[in-house]
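Structural characterization, general
The lines below spell out each chain.
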Amino acid sequence: IGMIDSIIWDPDTRILREIVYWVDEEYRGSTAGYRLLAQYVKEADEMVDEGRITAYSMVKMANSPDLKFEKFGFKKTEEVYVAGLV
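The model shown is predicted, which means the values in this text are computed figures rather than measured ones. (Residues numbered from 1 in each chain as written. Predicted model: local features only at pLDDT ≥ 70, side-chain atom pairs only at ≥ 80, totals over all residues. Heavy atoms only, no water.)

A look at the overall build of the protein chain
In terms of regular secondary structure, the protein chain is built from 1 helix and 3 strands. With the C-alpha coordinates of the protein chain rotated into their principal frame, the extents come out at 40 × 35 × 20 Å. Every one of the 86 residues in the protein chain was classed for burial, and the buried ones make up 23%. Sequence-distant contacts, at least 24 apart, represent 39% of the contacts inside the protein chain between residues at least 6 apart. Of the accessible surface of the protein chain, which amounts to about 7,200 Å², a share of 56% is contributed by carbon and sulfur atoms. (Helix = DSSP H or I, 4+ residues; strand = E, 2+ residues; numbered from the N terminus. Buried < 20%, exposed > 50% of the residue type's maximum accessible area, 1.4 Å probe, protein only. Contact = heavy atoms within 4.5 Å. Areas by Shrake-Rupley, 256 points an atom, 1.4 Å probe, with all protein chains shown as cover.)

Have a look at this one:
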């Protein structure tokens, strides 16, 4: 699941932000995650070509599998650290 959002310091820039990326436990370790990511990239590229968005992002959580997002054209732009979580 994703949503189109603007960048706070550049409201004319529209970015597709991935919100939920989920593979059911029974399909983990298969090609399901790879295929899901490939479809996200395909649809996001189409949205870029249509001018609906400027860019798109993918978030890698600390407990996410070690997928190589660079293979899909992504570049790491930041790391987020959180304190106070239980």
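Some remarks on the pattern of salt bridges
Counted according to the given criterion, the structure contains 4 salt bridges. Across the salt bridge formed by Lys-42 and Glu-46, the nearest N and O atoms sit 3.1 Å from each other. Of this pair, Lys-42 and Glu-46 both sit in helix 1 (residues 32-49), separated by 4 residues, roughly a single helical turn. Between Lys-76 and Glu-79 there is a salt bridge, with the nearest N and O atoms lying 3.1 Å from each other. (Salt bridge = Lys/Arg side-chain N within 4 Å of Asp/Glu carboxyl O.)

Focus on the packing of aromatic side chains
A complete count under the given rule lists 4 aromatic pairs for this structure. A centroid spacing of 6.1 Å and a plane angle of 85° characterise the contact between Tyr-40 and Tyr-56, whose relative ring orientation is edge-to-face. Taken together, the positions of Tyr-40 in helix 1 and Tyr-56 in strand 3 (residues 55-57) put the pair 16 residues apart, joining distant regions of the chain. For the pair shown, Tyr-40 and Tyr-56 are each scored as buried. (Phe/Tyr/Trp six-rings, centres within 6.5 Å; stacked < 30°, edge-to-face > 60°.)

Structural notes on the sheet that holds strand 2 (residues 10-18)
Spatial ordering of the open sheet is given by 1-2-3, a layout of 3 strands whose pairing is mixed. Two strands close off the open sheet at either side, each with one partner strand: strand 1 (2-7) and strand 3. For this sheet, the mean inter-axis angle between neighbouring strands, taken without regard to orientation, is 35°. The strands that helix 1 touches are strand 1, strand 2 and strand 3; relative to strand 3, the one it contacts most, it runs at about 155°. (Pairing = 2+ DSSP bridges. Axes fitted to C-alpha atoms, helices over the stretch in contact; angles between N-to-C directions.)

Side note on the pairing of strand 1
Where strand 1 lies against strand 2, 6 bridges are found, and the strand directions are antiparallel. Bridging across to strand 2, Ser-6 finds its partner in Arg-14. In sequence, strand 1 turns back onto strand 2 through a hairpin of 2 residues.

Section: the side chain of Ser-57
The topology assignment puts Ser-57 in strand 3. Those residues within four positions of Ser-57 in sequence are excluded, and the remaining contacts are Ile-15, Leu-16, Arg-17, Glu-18, Tyr-40 and Phe-74.

Everything listed is a geometric property; what it means functionally is a separate question.
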